[in-house]
Amino acid sequence: MRAVDISRPAGTPAVRTAVVWDVLRAVLADRMSATGRDRLDIVDAGGGTGGFAVPLAGLGHAVTVVDPSPDSLAALERRAAEAGVEVRALQGDAADLGDLLPAGGADLVLCHSVLEYVEDPAGALGAVAGLLREGGAVSVLAANPLAAALHRSVAGRFDEALRVLDDPEGRWGDRDPTPRRFTREALAALLSASGLRIGEVHGVRIFADLVPSRLLDGEPGAARALAALEQAAAVHPVLRDIATQLHILGHR
Ligand SMILES: C[S@@+](CC[C@H](N)C(=O)[O-])C[C@H]1O[C@@H](n2cnc3c(N)ncnc32)[C@H](O)[C@@H]1O
């Protein structure tokens, strides 16, 4: 049998982030209705080049990105200018959020694909939680070790798949570029330890990274069908837990 080619995962970036955007839109709508404000204060911790921050600013919110990488912040500023929106860019580490921004000043803090890379995930989440207003929320997205095991096995790397399952950091080996991954339980424990109430959990990219892109290329309607499948499976109690990334909300 021929190995499945997953070198080009299926789905456009929009398909791969559709589930997260659905959740964020609902969080923003709830918060706008609860506060009576149309313009919310949003911080994107480790927001990088602004893949989330720029569209959020485009929705009319006041968005601040904090990221240690000057190159990413420069790319963010170009992206924001091209989109005709303003995003405040601050160079800094997630652990130092409390020194950079006022405590209790944010309605929503994003922490997407960042906990994997920071030195101290619990410290970073504590700093994130400190930014939230009462009733505010944090949106955490992080890599899932169970998906890494699946992906290594589909690539024929069975020993590496086994290592992911045994490794406390969820890594498949010394060449694994991701420093650590988080199970649903580990993420929930981190949020709870920061004094946040656990909200909804969604699986992100359950199928998109397992099917080859040729199954979508040139197939009319396939991308839309895949997005619908991802959205339905995101809350499935079993499928959710094998997603490439886990998305979890924490509420203050
Ligand atoms: C995989 S990118 C994710 C970017 C963005 N959050 C997104 O979802 O598109 C990881 C980002 O984390 C940033 N980062 C790395 N270490 C960090 C730290 N200690 N504090 C805050 N951000 C950090 C990197 O500069 C990079 O922009």
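Given the structure is predicted, the values throughout are model-derived calculations rather than measurements.

Visitor: Residue-level account of the overall build of the protein, with values.
Guide: When its secondary structure is counted, the protein shows 9 helices and 7 strands. In terms of overall size, the protein behaves like a compact globule, its C-alpha atoms giving a radius of gyration of 18 Å where 252 residues would be expected to give roughly 18 Å. Principal axes of the C-alpha set define a box for the protein whose edges measure 55 × 40 × 35 Å. Here the protein, with 252 residues, has 48% of them falling under the buried criterion.

Visitor: Quick rundown of the sheet that holds strand β2 (residues 62-67)? Include the residues and the values.
Guide: Strand order across the open sheet formed by 7 strands is β3-β2-β1-β4-β5-β7-β6, with mixed pairing between neighbours. Looking at strand neighbours, the two that pair on one side only are β3 (87-91) and β6 (197-204), the edges of this open sheet. Ignoring strand direction, the axes of neighbouring strands in this sheet form an average angle of 15 degrees. Where β6 and strand β7 (residues 245-251) come together, 6 bridges link them in antiparallel fashion. Counted as the bridge partner of Arg197 is His251 from β7.

Visitor: I'd like a description of the packing of aromatic side chains, backed by residues and values.
Guide: Overall, the coordinates contain 1 aromatic pair when judged by the stated rule. The cationic tip of Arg152 hangs over the ring face of Trp172; the distance from NZ or CZ to the ring centre is 4.1 Å.

Visitor: Explain the layout of surface pockets to me, and be specific about the residues and the numbers.
Guide: Size it by volume and the largest pocket reaches roughly 410 Å³. What lines the largest pocket is a set of 20 residues, among which Ala148, His151, Thr178, Arg181 and Thr244 lie closest to the centre. If you tally residues by element for the lining of the largest pocket, the top one is helix α6 (residues 145-154), at 4 residues. Taken together, the residues that form the lining of the largest pocket break down as 9 nonpolar, 5 polar and 6 charged.

Visitor: A description of the site of the ligand should follow, citing residues and the corresponding values.
Guide: Residues in contact with the ligand amount to 13 residues; listed here are only the nearest, Gly46, Asp67, Asp93, Ala94 and His112. Residue Gly46 places a main-chain N or O atom 2.7 Å away from a nitrogen atom belonging to the ligand. Between the ligand and the protein, one listed contact pairs a nitrogen atom with a backbone N or O atom of His112 at 2.8 Å. Isolated, the ligand exposes 590 Å² of accessible area, and the fraction of that covered by the protein chains is 75%. For the shell around the ligand, the residue count by class is 5 nonpolar, 6 polar and 2 charged.

Visitor: Let's hear about the nonpolar core: which residues, and what values?
Guide: Ranked by internal contacts, the top residues of the largest apolar core, which has 32 residues, are Leu97, Val109, Leu115, Val140 and Leu187. Secondary-structure elements contributing two or more residues to this core are β1 (41-45), β4 (106-112), α5 (121-131), β5 (132-143), α8 (184-193) and β7. Element by element, the count of residues in this core is highest for α5, at 6 residues. Apart from residues no more than four positions distant in its own chain, Leu115 is found in contact with Pro121, Ala124, Leu125, Val140, Arg180, Phe182, Leu187 and Leu190. Grouped together as the second largest cluster of nonpolar side chains are 28 residues, Val23, Val65, Val87 and Val204 included.

Visitor: Can you tell me about helix α7 (residues 158-166), naming the residues and giving the values?
Guide: Burial in α7 covers these residues: Glu160, Ala161 and Val164. Taken around the axis of α7, the buried residues stretch over an arc of 105 degrees, which confines them to a single face. Structural note: α7 exposes Phe158, Asp159, Leu162, Leu165 and Asp166 on the side pointing more than 90 degrees away from its buried face. The inward-facing, buried residues of α7 contact α6.

Reading the values: the criteria
Residues numbered from 1 in each chain as written. Predicted model: local features only at pLDDT ≥ 70, side-chain atom pairs only at ≥ 80, totals over all residues. Heavy atoms only, no water. Helix = DSSP H or I, 4+ residues; strand = E, 2+ residues; numbered from the N terminus. Rg over C-alpha atoms; globule rule 2.2 N^0.38 Å. Buried < 20%, exposed > 50% of the residue type's maximum accessible area, 1.4 Å probe, protein only. Pairing = 2+ DSSP bridges. Axes fitted to C-alpha atoms, helices over the stretch in contact; angles between N-to-C directions. Phe/Tyr/Trp six-rings, centres within 6.5 Å; stacked < 30°, edge-to-face > 60°. Lys NZ or Arg CZ within 6 Å of the ring centre and 35° of its normal. 1 Å grid on protein atoms, 1.4 Å probe; cavity = no way out; pocket = protein on both sides within 12 Å on 5 of 7 lines; lining within 4 Å. Points joined across faces, edges and corners; volume = space filled by probe spheres on them. Nonpolar A, V, L, I, M, F, W, Y, C, P; charged D, E, K, R; others polar. Near = heavy atom within 4 Å. Polar contact = N/O pair within 3.5 Å; in protein donor to acceptor, adjacent residues only side chain to side chain. Areas by Shrake-Rupley, 256 points an atom, 1.4 Å probe, with all protein chains shown as cover. Core = buried A, V, L, I, M, F, W, Y, C linked by side-chain atoms within 4.5 Å. Contact = heavy atoms within 4.5 Å. Arc of directions from axis to C-beta.

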